[in-house]
Amino acid sequence: MTTKDLLELALQLQNRDEPYAFVTVIRAVSPTSVYAGAQAIVLSDGSIQGWIGGGCAKSVVAQAALQALSSGSPKRVLISNEAHLAEPDTEVHKMPCASNGEIEVFIHPQVSLPLMLVLGTTPAAKAARTIAAQAGFKVVDGLTDQAAASKLAIVLVATQGDGDEAALETALASSAAQVLMIASTRKAEKLRELMRARGVSDTRLMALRAPAGPDISATTPEEIALAAVAGAIEAWRGAGHMRPVNFSTTTVAPATPHKSSYVNPVCGVVVE
């Protein structure tokens with residue numbers, strides 16, 4: 001694929017809100033079939049579009065790219081059998097092929113924005129929507145389709161006395177991994193008891209976090225919203241399981257050969 005093809009594919013994936021990783025070869029030492037500057041895109045199923053080397057490098061890069069997608073963090077990956085002084089920002093893998101070439105790549109994951117639903121019409125709710133969007137969340141007022149509902153990461157209940165019970169019940173009925181509520185600890189405990197009485201399980205109630213964020217002595221709606229969004233960021237960054245996992249994190253290779261592939265007898269890598 002040409003650079004233009006890769007950029008067009010990246011744009012299509014962005015428009016479909018599908019995660020992918022852009023991979024660039026930043027160093028190649030012969031013997032190897034790739035060159036510095038070569039690029040590829042690793043899709044969410046581990047398949048590779050473009051060229052970043054033969055089967056020996058592809059399996060390592062694909063797995064590293066999936067791990068980068070899971071964490072959301074870029075990484076440098078060195079594939080080599082030579083003795084190198086380990087750099088703190090470089091992940092080192094053995095070159096599985098007998099050629100003993102060397103390849104270094106930079107992997108830049110592109111993941112979907114975390115989807116946040118803010119419930120409430122209070123000033124704090126309105127401020128939270130603005131602050132959350134600026135912080136990198138994809139903020140919605142409601143979920144109109146099942147696809148969006150399945151990707152929901154966080155619900156922030158900012159009703160502050162205006163329909164608390166109904167909003168909290170809606171939040172807990174969603175697929176969100178975390179439900180944050182702007183409320184005092186005492187109020188939250190009373191609402192938990194009410195939710196139990198309505199049939200919400202203790203397991204699901206474990207997702208509820210109230211107060212929503214850290215105590216910053218907030219008094220204005222904007223300050224309260226800021227603390228709540230800070231709590232959402234903490235929950236998102238601190239819990240990898242909250243990320244909407246719509247890509248495979250299974251090991252890419254080695255794998256059981258299919259009819260259209262065979263095992264390289266030298267290095268044991270599955271070749272198409």
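Residues numbered from 1 in each chain as written. Predicted model: local features only at pLDDT ≥ 70, side-chain atom pairs only at ≥ 80, totals over all residues. Heavy atoms only, no water.

(A) Molecular detail of helix α6 (residues 185-197). Along its 13 residues, α6 runs 19 Å from first to last C-alpha, staying within 8% of the 18 Å computed at 1.5 Å per residue. The positive-phi residue at the C-terminal boundary of α6 is Gly199, with phi of around 100 degrees. (Helix = DSSP H or I, 4+ residues; strand = E, 2+ residues; numbered from the N terminus. Expected span 1.5 Å × (residues − 1).)

(B) Quick peek at the environment of Ile107. Counting through the fold element by element, Ile107 comes out in strand β6 (residues 102-110). Owing to a relative accessible area of 0%, Ile107 belongs among the buried residues under this scheme. For the pair formed by Ile107 and Ala64, sequence separation is 43 residues and the distance between their alpha carbons is 8.1 Å. Setting aside chain neighbours within four positions, we find Ile107 in contact with Ala21, Phe22, Val23, Val61, Ala64, Ala65, Ala68, Pro74, Lys75 and Val77. (Buried < 20%, exposed > 50% of the residue type's maximum accessible area, 1.4 Å probe, protein only. Contact = heavy atoms within 4.5 Å.)

(C) Spotlight on the sheet that holds strand β10 (residues 178-181). With parallel pairing, the five strands of this open sheet are ordered in space as β8-β7-β9-β10-β11. Both edges of this open sheet fall to β8 (138-140) and β11 (208-209), since each of them pairs with a single strand only. Pairing geometry for strand β7 (residues 115-119) and strand β9 (residues 152-157), over five bridges, is parallel. For Met116, the partnering residue across the bridge sits in β9 and is Ile154. (Pairing = 2+ DSSP bridges.)

(D) Seen up close, the nonpolar core. Counting residues in each nonpolar core, the largest one holds 26 residues, and the members touching the most others are Val23, Val25, Ile52, Ile79, Ile103, Val105 and Ile107. Of all the secondary-structure elements, those providing two or more residues to this core are β1 (20-29), β2 (39-43), α2 (55-71), β4 (75-79) and β6. Discounting residues that sit within four places of it in the chain, Val105 has contacts with Val23, Thr24, Val25, Ile26, Val61, Lys75, Arg76 and Val77. If you look at the next biggest cluster of nonpolar residues, it comprises 22 residues, including Leu119, Val157, Ala171 and Leu172. (Core = buried A, V, L, I, M, F, W, Y, C linked by side-chain atoms within 4.5 Å.)

Purely geometric stuff here, so don't read any function into it on its own.
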